[in-house]
Amino acid sequence: MEAADHDLHGFKRRGVLFVLSSPSGAGKSTIARKLLANEPDLAMSVSATTRPIRPGEVDGKDYHFVSLDKFRDMVAANEFLEWAHVFGHRYGTPKAQVEAMLGASKDVLFDIDWQGAQQLFQIAGGDVVRVFILPPSMEELNERLIRRATDSAEVIEARMLRATAEVSHWDGYDYVLVNDDVERCFEDVKTILAAERLKRSRQTGVIGFIRKLMK
Ligand code: 5GP
């Protein structure tokens with residue numbers, strides 16, 4: 001998959017595929033929301049899922065909610081960049097949408113799990129930046145899930161079990177942050193994005209500038 005060139009400080013650069021993963025309840029969605037509100041050149045990849053819609057969620061905005069048959073058709077038609085089983089449901093990143101965002105000179109934000117981060121890295125390697133957000137403690141995570149009150153006790157218990165498994169994949173990420181203060185964590189995520197955008201390996205246009213400098 002080709003990332004399109006972006007224009008920053010006069011240099012063309014490759015788009016960043018910015019992955020945020022965390023156990024659910026660690027504050028990732030809050031940070032993703034703040035990031036999107038602050039970064040006009042960042043667009044969110046909206047996944048397709050077979051999980052039932054939750055109260056307050058909007059089809060096409062939070063996810064594309066699809067049937068199992070539809071999801072299978074999309075897999076067969078090679079429409080996903082990556083997809084995985086999570087909590088007994090299927091989740092996948094539609095390829096066309098990511099290509100369109102990169103084509104429009106946007107960096108792309110992904111809220112996907114470690115399996116997705118791994119697959120994306122295999123496909124797009126150097127364009128991918130993987131950030132993992134940890135909760136300050138498992139007790140805090142449990143409380144946040146209860147406070148969120150969108151899931152039943154059984155689902156919360158399953159999510160806590162899954163969180164432990166998810167955390168064990170921390171070493172598949174480029175950055176690991178602890179979200180004990182959402183503002184600070186958000187600032188750190190913004191700093192990472194800013195630095196990654198400036199990375200020399202992304203600045204495909206630098207050569208032209210150097211040539212002009214040297215003549
Ligand atoms: P939730 O059901 O709470 O919205 O999401 C459950 C988990 O699925 C989260 O960890 C989220 O990051 C992950 N997820 C959401 N969309 C995708 C996707 O397209 N691919 C993969 N691999 N994981 C996803």
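Being a predicted model, the structure only gives us computed values, none of them experimental.

Enquirer: How would you explain the site of the ligand if you had to name every residue and give the values?
Expert: Around the ligand there are 17 residues in total, and Ser 47, Arg 51, Tyr 63, Tyr 91 and Asp 111 lie nearest to it. Between Ser 47 and the ligand, the recorded distance is 2.6 Å, taken from a side-chain N or O atom to an oxygen atom. Asp 113 places a side-chain nitrogen or oxygen 2.8 Å from a nitrogen atom of the ligand. Contact with the protein chains hides 95% of the accessible area of the ligand, taken as 520 Å² for the molecule alone. Put simply, the parts of the chain that give the shell around the ligand at least two residues each are β7 (80–86) and β8 (89–94). Class assignment of the residues belonging to the shell around the ligand gives a composition of six nonpolar, four polar and seven charged.

Enquirer: Could you give an account of the layout of surface pockets, with specific residues and numbers?
Expert: Any empty space left between atoms is shown by rolling a water-sized probe over those atoms. Taken as a whole, the largest pocket encloses approximately 1,300 Å³ of empty space. Taken together, 44 residues make up the lining of the largest pocket; nearest its centre are Lys 28, Ser 29, Arg 54, Tyr 63 and Asp 111. Those elements giving two or more residues to the lining of the largest pocket turn out to be α1 (28–38), β7, α5 (138–148) and α6 (153–167). By residue number, the principal contributor to the lining of the largest pocket is α1, which donates six residues. Considered class by class, the residues forming the lining of the largest pocket number 16 nonpolar, 12 polar and 16 charged. Empty space within the second largest pocket amounts to approximately 180 Å³. Forming the boundary of the second largest pocket are Arg 51, Pro 52, Ile 53, Arg 54, Phe 87, His 89, Thr 150, Asp 151, Ser 152, Val 155, Ala 158 and Arg 159. Of all the elements, α6 adds the most residues to the lining of the second largest pocket, at three residues.

Enquirer: An account of the sheet that holds strand β5 (residues 48–49) is requested, with residue identities and associated values reported.
Expert: The sheet built from four strands is open, its strands ordered β6-β5-β8-β7 with mixed pairing. The strands lining the two open edges of the sheet, one partner per strand, are β6 (64–65) and β7. Across two bridges, the pairing between β5 and β8 is antiparallel. If you follow Thr 49 over to β8, its bridge partner there is Tyr 91.

About the criteria used
- Residues numbered from 1 in each chain as written.
- Predicted model: local features only at pLDDT ≥ 70, side-chain atom pairs only at ≥ 80, totals over all residues.
- Heavy atoms only, no water.
- Near = heavy atom within 4 Å.
- Polar contact = N/O pair within 3.5 Å; in protein donor to acceptor, adjacent residues only side chain to side chain.
- Areas by Shrake-Rupley, 256 points an atom, 1.4 Å probe, with all protein chains shown as cover.
- Helix = DSSP H or I, 4+ residues; strand = E, 2+ residues; numbered from the N terminus.
- Nonpolar A, V, L, I, M, F, W, Y, C, P; charged D, E, K, R; others polar.
- 1 Å grid on protein atoms, 1.4 Å probe; cavity = no way out; pocket = protein on both sides within 12 Å on 5 of 7 lines; lining within 4 Å.
- Points joined across faces, edges and corners; volume = space filled by probe spheres on them.
- Pairing = 2+ DSSP bridges.

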